[in-house]
Amino acid sequence: MTKIIGKVSATESSPSTIDEFYFWTDKRQILSPFDIVKVEHECNSTTYGVIEEINHVTDSPSHFTSYISSDFGAIDDNVGNMNRLGMNYVKVRVSCNTQNIYTPVLNDRRVSLCDENDIKVALGLSEKDVQNPLVCGYLQMYQGDASIKVPVVLNSHFLLGPDGAHINVSGISGLAAKTSFSMFLLKAIQEKFRTENNETVAFVFFNVKGRDLMAIDEPNTELSGKDQKIYSDLGLSDQPFENVRYYYPYSKDKITANVQSYAHPDDVKMQIKAGKAKKYKFTYEKCIEKIDLLLANEDDSSGTLESCVNYIINRQEPFNAVDSWPTLLEKIDECTKTEANGGKKNEIMVTSWRKFKRCVKKAIQSNIFISNLNEENGEIDLTDEISNNLTNGQVMVIDIARLDDNAQSFVFGSVARAIYDMKLGAERDNIPDKVILFVDELNKYASNDVPKSSPILQQLLDIAERGRSLGIILFSVEQFRSAIHDRVKGNCATQAYGRTNAIEVSKSDYRYIPKVYQNMMTRLSPGEYIISNPALRSLVNIRFPRPAYKQYPNG
Amino acid sequence: MKILDFIEKDGEGKYSCYKTKKLILDSNDQDTLDYDDKPALQLNSAQIAESDMSRKETILINAHMMKLASTPLFSFFLDGSRHVYKVDDIAIGNRIFPFLAGQIVVGCCVRKDRDTFKCHSVTRKVLLSLPRNFNYDDDKEANFCRMYCEKINEELGKNVFVQEHGIKIDKILLYPTDGSKDITADKNGYKNSGTAKIQNEMTDEEQLMVAQLCKNNCLDNEHFLIKDGSIEYNSSYSNLSTTEWNQLRSNYKHVVGVSKLFNPDLLRDFKGHRLSKTIANLKPYERTKVYRYPASGNQSEFAMWYLRLRNSNFRETNFSDVIKCEMVLEEKGGVLDTQLVDIISANLIREAYPTCYGKDNRWANHLYPVFLTESFCKSNYINQNIILNLF
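Residues numbered from 1 in each chain as written. Chains lettered and ligands numbered in written order. Predicted model: local features only at pLDDT ≥ 70, side-chain atom pairs only at ≥ 80, totals over all residues.

Right, let's talk about the nonpolar core for a bit. Residues Val397, Ile398, Ile419 and Leu437 of chain A are the most contacted members of the largest nonpolar core, which totals 158 residues. Considering every element that reaches this core, the biggest residue donor is helix α11 (residues 405–425) of chain A, with 10 residues. When near neighbours in sequence (up to four residues on either side) are disregarded, valine 397 of chain A contacts Phe205, Asn207, Leu213, Met214, Ile216, Val244, Tyr246 and Tyr247 of chain A. Phe97, Leu127, Tyr306 and Trp363 of chain B belong to the second largest nonpolar core, which has 100 residues in total. (Core = buried A, V, L, I, M, F, W, Y, C linked by C-beta atoms within 7 Å. Buried ≥ 20, exposed ≤ 12 C-beta atoms within 10 Å, placed from the backbone. Helix = DSSP H or I, 4+ residues; strand = E, 2+ residues; numbered from the N terminus. Contact = placed C-beta atoms within 7 Å.)

The structure is reproduced here in structure tokens:
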């Protein structure tokens, strides 16, 4: 028998409705938003609801009454022989009824706390409700003796398709632990998805800060016993990712082990030696079809850059014999000369070529754009690697943290395109059923400020809108959800809200979230998320353990 | 069938109901009997009724006493409340009388600690108050009323809503229609007479509830009861038999009656001066001496004193934060122990906080637990629309 904590109160001004009801409870009863309560309802059914607001009221009609009641402003404790009559009343949002009876709950019906089974029923987490379960954390409910932990499982069909796909994780830097949460989910998928769904899945991660993800196959030696227990309670191992390959951007600098990375050169060398790491480069020959990606961040409203790109892709004179980046620059240089200065007549205006030159020159400054590629030295082309070698269970970690913005965009765009092309047309029989693309700092590629013509934005929109049917799942992460393109976030079936700030929650993205939850979002602690998923009956406040892979607290 | 139709039909011509407008007769000014307003004592000077006989006009409840009162003396709080409705005019023979109905609620709350305030017991009654002539054939009154009440309830029980909610008429009261000038000469005489019957029923219930508390040994030297209003009950204003009534008088050793409305000129002080001046000049936390007051009918004696509850200049009038306190003297000529009076007074001062400012105009001399008990009683009323629709 669960503890009865109060009774429904339906008044003229605050009636019970189909969606919500109020109940009164003792002023010392500790409850929190997101706690679930149940009420006896008609036909022996039970209505479950999620606490939204908690108010404390007394019979004092005004603050003036309170002042007078304290002997006209005396600040002594315990004025009088008793405390003013007070109680808490709680607003509850109905989540479900066991017999689908949605008439408002009746006044004076008893309200009680829930046990684990109740909570599962209330949120749609019971075994009956969740087919293809995928653990995404746990929720902790009530305080003191009544406290319970319940694993939260999502129907993977609503996260990885076919019923819904993509997740968007938002939250401010540091305090929200966005990467840790995404990695927790991805680890659970790597561990459970194949065995429980009989489908294959591969992962492509981008490392965008420090060396965060550059040791995800090494155990976290500082993982506490408490966290280990949480992993085991959730049915997961506390081991790091398996089958991981690291891809570092090539550098000419030998001191840094020929990579541009924040990872320690010795670590990189060790990974290369162990056959886990490779260096990626982009040769002109392999990149000619994706030169447009170099210009992803340039505003091209008049389409001048695009026409230059098409000119080169079509290998029109003088680009028909170009085979390397320096030659490309030379040829573009030629096009920038007017006929008076010895240039050749060209259908695109010289001024357009000059703009194109400026942009391309800036973009290909990075060492990754180079003329030669030797696979025997551990150098690869990412597109080839994806289309030929990405298989079930594999995790590709592509380090772009140290690259400049243009190069980062190019790498991201090429990889996204390569995955798309692989799913559309590669001819091998071990293509994974699902490819999960983890993109940190999504605002770089799909913010509202990105030029609408950006090829990377178009690529992301394609993935967001059509990726579900192709099996490309986007795990996107950003600080401010409100800054992200509507069509990208709108297509994410699952949303995870981490700690954010008051300005952000005042934006229209959060309009449908109750005020109390909005305020809670500004107070969430690291490791705490508010999740919305079509298969869940309500927003759920979840927690997750610390990452099981090696951490670099100082970057 | 509704009650009026039933009475007409069942009476076979004895009674006619005119189905006039139903009225709620509720504000205090309509009370015929204000128990807090006793006739002024016709004595030159009143006797002091406390152990300290010193001829001081006022006594300050000092900090020491206040400290002693931090362990509360009062655990029980009792209040009664009533609503009276005029539901019709009924013709009996060739005379027309008002047909009254009433609801009374008497509640007692218990306080265990600063935060635990609960109902101890509550009584609610729905009453009909009809003229004595209603007993058409002059049957034995008690039997007639009981049997007629059963008949009405049987009829009411046919209504599903009434049955489901357990609503019934608890008692039929017959009010006198003659025998006093107040009744025959006043144009509202019948109405007042009928209302008085309902009021009497309420005070009887209050006394029965006190008796029950005593029977259950709830009241002792550490657990006193505050009764809202005067505790001077008059046997002639009771629906109980004199024997029953007399038995109830012995239950008041640990009961203090606290009145907010009082006639300050009720008594003269030991010097023979009107007490109203002393009361008006009471300083904060001062009380008057305790005076003796004989109960009407001279059956027993009361001790009463006045106490200023608050230290403030915000009072509306000089009387608005003063209460009248009453206790029953155990024997004629007896006195109250002065220390007990001081402790009771200190406790009453502490009971004045928190206040019900903003909720009740009488906040300045209202005691908070009494206010809560009153609110609790009122919350127990059946909705008046339901009551009026029974008729």
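Structure's up, so let's keep going.
One frequent convention defines the size of an interface as the accessible area lost when the parts assemble. Taken together, the contacts link 18 residues of chain B with 16 residues of chain A. Mapped onto the side of chain B that touches chain A, the elements with two or more residues apiece are α9 (338–351) and α10 (368–379) of chain B. No other element matches the 3 residues that α10 of chain B contributes to the side of chain B that touches chain A. The residue inventory of the side of chain B that touches chain A, partitioned by class, reads 9 nonpolar, 3 polar and 6 charged. (Nonpolar A, V, L, I, M, F, W, Y, C, P; charged D, E, K, R; others polar.)

All names here are of chain A. If you check helix α9 (residues 350–363), its first and last C-alpha atoms are 20 Å apart, about what 14 residues at 1.5 Å a residue would give, namely 20 Å. Here α9 has its buried residues at Trp353, Phe356, Val360 and Ala363. Summarising the axial view, the buried residues of α9 lie within an arc of 90 degrees, below the 170-degree limit, and thus occupy one face. Of the surrounding elements, those touching the buried residues of α9 are α7 (304–313), α8 (325–335) and α11. (Expected span 1.5 Å × (residues − 1). Arc of directions from axis to C-beta.)

This brings us to the sheet that holds strand β4 (residues 46–58) of chain A. All names here are of chain A. Strands sit in the order β1-β2-β5-β4-β3-β6 around a closed barrel of 6 strands; the barrel is antiparallel. Neighbour-to-neighbour, the strand axes of this sheet turn through a mean angle of 40 degrees, independent of strand direction. Both strand β1 (residues 4–8) and strand β2 (residues 20–25) contribute to a ladder of 3 bridges, which runs antiparallel. Considered in β2, the bridge of glycine 6 is made with threonine 25. (Pairing = 2+ DSSP bridges. Axes fitted to C-alpha atoms, helices over the stretch in contact; angles between N-to-C directions.)

So, on to the domain arrangement of chain A. All names here are of chain A. Taken domain by domain, chain A consists of domain 1 (4–114), domain 2 (152–280 + 376–543) and domain 3 (285–363). Of note, the centres of domain 2 and domain 3, computed from C-alpha atoms alone, are 34 Å apart. Listed by partner, the interface residues are 14 residues for domain 2 and 11 residues for domain 3. Elements with a minimum of two residues in the side of domain 2 that touches domain 3: α11 and α13 (455–470). A per-class count over the side of domain 2 that touches domain 3 returns 4 nonpolar, 7 polar and 3 charged. (Domains from an automatic or database assignment.)

As a further point, take the environment of leucine 240 of chain B. All names here are of chain B. Residue position: leucine 240 is located in the loop between β8 (224–228) and α7 (242–248). We classify leucine 240 as partly exposed; it has 18 C-beta atoms within 10 Å. Put simply, leucine 240 and asparagine 200 are 40 residues apart on the chain and 8.8 Å apart in space, counted from C-alpha to C-alpha. If we ignore the near neighbours within four places in the chain, the residues touching leucine 240 are Asp204 and Trp245.

Turning our eyes to something else, we now look at α8 of chain A. An α-helix turns once every 3.6 residues. As a result, residues three or four positions apart point the same way. Within α8 of chain A, the full set of buried residues consists of Leu328, Ile332 and Cys335 of chain A. The buried residues of α8 of chain A all sit within an arc of 50 degrees when viewed along its axis, so they share a single face.

The next point concerns the confidence of the model for chain A. Predicted coordinates in regions of low pLDDT should not be interpreted in detail. This prediction gives chain A a mean pLDDT of 88; 98% of its residues lie at or above 70. For chain A, per-element mean pLDDT is lowest for helix α3 (residues 178–197) of chain A, which scores 84, and highest for β2 of chain A, which scores 96. (pLDDT = per-residue confidence, 0-100.)

Let us now look at the domain arrangement of chain B. All names here are of chain B. By the assigned domains, chain B splits into domain 1 (1–30 + 83–207 + 381–391) and domain 2 (33–73 + 222–352). Computed over C-alpha atoms, the centres of domain 1 and domain 2 are 33 Å apart. Counting residues at the interface gives 9 residues for domain 1 and 7 residues for domain 2. The leading source of residues in the side of domain 1 that touches domain 2 is helix α6 (residues 189–215), at 8 residues. Each residue belonging to the side of domain 1 that touches domain 2 can be placed in one class, and the counts come to 2 nonpolar, 4 polar and 3 charged.

All names here are of chain B. Take asparagine 216: it is sitting in the loop between α6 and β8. Residue asparagine 216 is classed as exposed on the basis of its 10 C-beta neighbours within 10 Å. In the structure, asparagine 216 is positioned 145 residues away from threonine 71 in sequence and 23 Å away in space, judged by C-alpha atoms.

Turning our eyes to something else, we now look at unusual backbone geometry. The linkage connecting glycine 161 of chain A with the following residue, proline 162 of chain A, adopts the cis geometry, with an omega of 5 degrees. Assignment of secondary structure puts proline 162 of chain A in the loop between β8 (148–155) and β9 (167–170). Cis geometry is adopted by the peptide bond preceding proline 354 of chain B, which originates at tyrosine 353 of chain B and carries an omega value of -5 degrees. Within the secondary structure, proline 354 of chain B is located in the loop between α9 and α10. Its identity is not glycine, yet histidine 166 of chain A carries a phi of approximately 75 degrees, on the positive side.

Residue and element names in this part refer to chain A. Interhelical geometry of α7 versus α9 gives an angle of 80 degrees and a closest axis separation of 9 Å. Judged on the interaxial angle alone, α9 and α7 are roughly perpendicular. Where α7 abuts α9, its residues Thr304, Leu305, Ser307 and Cys308 lie against Ser352, Trp353, Lys355, Phe356 and Cys359. (Parallel < 35°, antiparallel > 145°, perpendicular 65-115°, else oblique.)

By the secondary structure assignment, glutamate 375 of chain A is in the loop between α9 and β13 (379–380). Distance from glutamate 375 of chain A to proline 61 of chain A, taken between C-alpha atoms, is 80 Å for residues 314 residues apart in sequence.

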